[in-house]
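Structural overview for review
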Amino acid sequence: MGNDNRVELRVKSIGENVSLVRMMASGFLYPYDVTFDVLDEIKIALSEAVSNCMIHGYDNAEDQEVVVTMEVQNRHLTIQVQDTGVGIVDIARAMEPAFSTREEHMGLGFVFMQTFMDHIEVCSEPGKGTTVIMRKQLPAGEQQMSDAG
Amino acid sequence: MEKDTLTLYPQGDLDMASAKKVKESLDSILCSRGGLKQLIINLGDVHFIDSSGLGMLIGCYKTMYGRQGKMMICDASDNVYRVLELSGMKKLMPVMRQESQKTARGESYGKR
């Protein structure tokens with residue numbers, strides 16, 4: 001069933017660490033008996049949030065740090081992804097589908113975060129950084145359902 | 001006819017780090033194959049894709065479109081197909097999913 005748990009990971013802002021963070025999520029969620037579909041949704045949202053920090057927050061600079069915190073309380077997952085980069089001037093505009101400041105990007109990062117998580121909150125201050133908080137209720141696992149009869 | 005068509009088989013995850021590497025290889029291939037008319041990307045061995053991977057695919061599409069060529073995606077697993085569908089990729093090019101899944105998606109991942 002999985003007890004309540006919390007983990008924090010601080011990673012250097014290099015692209016290879018995006019997959020490392022996803023692996024951490026897989027390991028962290030293993031005790032909670034989630035389906036592959038739910039796990040994929042969380043991994044996509046997390047991947048987008050961490051990539052945003054590196055690409056936009058730090059403008060691809062590789063000597064910075066991204067802090068990822070994952071917490072489960074009563075099967076309620078909270079993920080916080082934080083950078084100390086350039087920040088977002090207009091959060092509402094940044095969250096619009098297909099909006100991107102870069103031509104080679106599709107502007108789908110926040111769309112995926114919103115689609116695959118239950119709730120997303122973005123706090124940002126230009127010049128100081130951005131924190132994204134995402135929440136998702138983990139569906140009851142098969143074991144829990146059979147325990148309930 | 002065969003020389004007009006190229007099928008590529010990327011492997012693993014298509015995210016920020018890997019998409020950049022795949023794009024560099026693809027750009028080099030596309031540059032050396034000026035007569036290429038059809039590009040097929042087989043995603044059968046891609047297990048994860050995010051918007052960085054999608055951006056790479058769109059970059060390929062733009063290159064092929066620019067030379068009046070065509071592009072299609074095939075063999076996408078259910079989870080990859082769902083992301084491609086959500087992104088609107090199907091409006092730009094044919095996208096086909098894997099006929100049989102290697103993993104049952106509704107199955108439990110975690111500890112029993």
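So, here's what we can say about the structure. (Residues numbered from 1 in each chain as written. Chains lettered and ligands numbered in written order. Predicted model: local features only at pLDDT ≥ 70, side-chain atom pairs only at ≥ 80, totals over all residues. Heavy atoms only, no water.)

Below, the discussion takes up the overall build of chain A. Regarding its fold elements, chain A presents 5 helices and 5 strands. Per-residue burial for chain A yields a buried fraction of 49% across its 149 residues. Long-range contacts, defined here as pairs at least 24 residues apart, represent 67% of the contacts in chain A between residues at least 6 apart. Carbon and sulfur atoms form 49% of the exposed surface of chain A, whose accessible area is close to 7100 Å². (Helix = DSSP H or I, 4+ residues; strand = E, 2+ residues; numbered from the N terminus. Buried < 20%, exposed > 50% of the residue type's maximum accessible area, 1.4 Å probe, protein only. Contact = heavy atoms within 4.5 Å. Areas by Shrake-Rupley, 256 points an atom, 1.4 Å probe, with all protein chains shown as cover.)

Residues and elements named next belong to chain B. By the element assignment, Asn42 lies in strand S3 (residues 38-42). Assessed through its relative accessible area of 12%, Asn42 is described here as buried. For Asn42, the side chain forms a polar contact with the main-chain nitrogen of Gly44, separated by 2.8 Å. Not counting residues up to four positions away in its chain, the partners in contact with Asn42 are Thr7, Leu8, Tyr9, Pro10, Cys74 and Asp75. (Polar contact = N/O pair within 3.5 Å; in protein donor to acceptor, adjacent residues only side chain to side chain.)

Moving on: the pattern of salt bridges. Scanning the entire structure with this criterion turns up 12 salt bridges over all chains. Lys136 of chain A is the salt-bridge partner of Glu41 of chain A, the closest N and O atoms lying 2.9 Å from each other. A residue pair is termed long-range when its members are at least 10 positions apart, and Glu41 of chain A in helix H2 (residues 36-57) and Lys136 of chain A in strand S5 (residues 129-137) qualify at 95 residues. Its relative accessible area of 15% is what places Glu41 of chain A among the buried residues. On the basis of relative accessibility, which here comes to 7%, the residue Lys136 of chain A falls in the buried class. The salt bridge partner of Arg82 of chain B is Glu41 of chain A, with a shortest N-O separation of 2.9 Å. Of the two residues, Arg82 of chain B is situated in helix H3 (residues 78-87) and Glu41 of chain A in helix H2; the pairing between them involves two chains. Each of Glu8, Arg10 and Glu65 of chain A takes part in salt bridges that share partners, so that together they form one network. (Salt bridge = Lys/Arg side-chain N within 4 Å of Asp/Glu carboxyl O.)

A separate point is helix H1 (residues 16-29) of chain A. Here H1 of chain A spans 21 Å end to end across 14 residues, near enough to the 20 Å set by a 1.5 Å rise per residue. Along H1 of chain A, the residues classified as buried are Asn17, Val18, Val21, Arg22, Met24, Ala25, Ser26, Phe28 and Leu29 of chain A. (Expected span 1.5 Å × (residues − 1).)

How large an interface is tends to be reported as the accessible area lost when its parts come together. On the chain A side, the residues contacting the 29 residues of chain B number 36 residues. For the chain B and chain A pair, buried surface summed over both sides reaches about 2800 Å², with 59% attributable to carbon and sulfur atoms. The tally of links between chain B and chain A comes to 4 salt bridges. Between Arg22 of chain A and Asp13 of chain B there is a salt bridge, and its shortest N-O distance comes to 2.9 Å. Between chain B and chain A we count 7 residue pairs in polar contact (both at pLDDT 80 or more) in total. Residue assignment for the side of chain B that touches chain A shows that the elements contributing at least two residues are helix H1 (16-32), strand S4 (45-49), helix H2 (51-66) and H3 of chain B. The dominant element in the side of chain B that touches chain A, judged by the number of residues it contributes, is H2 of chain B, at 6 residues. (Buried area = accessible area lost by both parts, 1.4 Å probe.)

Residues and elements named next belong to chain A. Two elements in contact, H1 and H2, have axes whose closest approach is 9 Å; the angle formed by their N-to-C orientations is 145 degrees. Our pair here, H1 against H2, has a crossing hand that is right-handed. Facing Asn17, Val18, Val21, Arg22, Ala25, Ser26 and Leu29 of H1, the residues of H2 in contact are Leu39, Ile42, Lys43, Leu46, Ser47, Val50, Ser51 and Met54. Its residues assigned to classes, the contact of H1 with H2 shows 9 nonpolar, 4 polar and 2 charged. (Axes fitted to C-alpha atoms, helices over the stretch in contact; angles between N-to-C directions. Left-handed = near helix turned anticlockwise from the far one by under 90°. Nonpolar A, V, L, I, M, F, W, Y, C, P; charged D, E, K, R; others polar.)

This part takes up H2 of chain B. The α-helix winds at 3.6 residues per turn, so residues separated by three or four positions along the chain end up facing the same way. All names here are of chain B. Between its first and last C-alpha atoms H2 spans 22 Å; for 16 residues at 1.5 Å apiece the expected length is 22 Å, and the two agree. Residues of H2 that are buried: Ser51, Ser52, Gly53, Leu54, Gly55, Met56, Leu57, Ile58, Cys60, Tyr61 and Met64. Taking the backbone nitrogen of Ser52 as reference, a side-chain oxygen 3.0 Å away marks Asp50 as the first, capping residue of H2. A positive phi of about 55 degrees marks Gln68, the residue just after H2.

All names here are of chain A. Across the sheet, which stays open at both edges, the 5 strands sit in the order S1-S2-S3-S5-S4 with antiparallel pairing between neighbours. Taken across any chain shown, the strands that pair with only one partner, and hence form the sheet edges, are strand S1 (5-12) and strand S4 (119-125). On average, each strand axis in the sheet is tilted by 10 degrees relative to the strand beside it, whichever way the strands run. Across 7 bridges, strand S2 (residues 65-73) lies against strand S3 (residues 76-83) in antiparallel orientation. Counterpart to Val67 in the pairing with S3 is Gln82. The strands touched by H1 within the sheet are S1, S2 and S3, with S1 carrying the most contacts at an inclination of about 170 degrees. Relative to S3, H2 is tilted by about 15 degrees, and along the sheet it contacts S1, S2, S3 and S5. (Pairing = 2+ DSSP bridges.)

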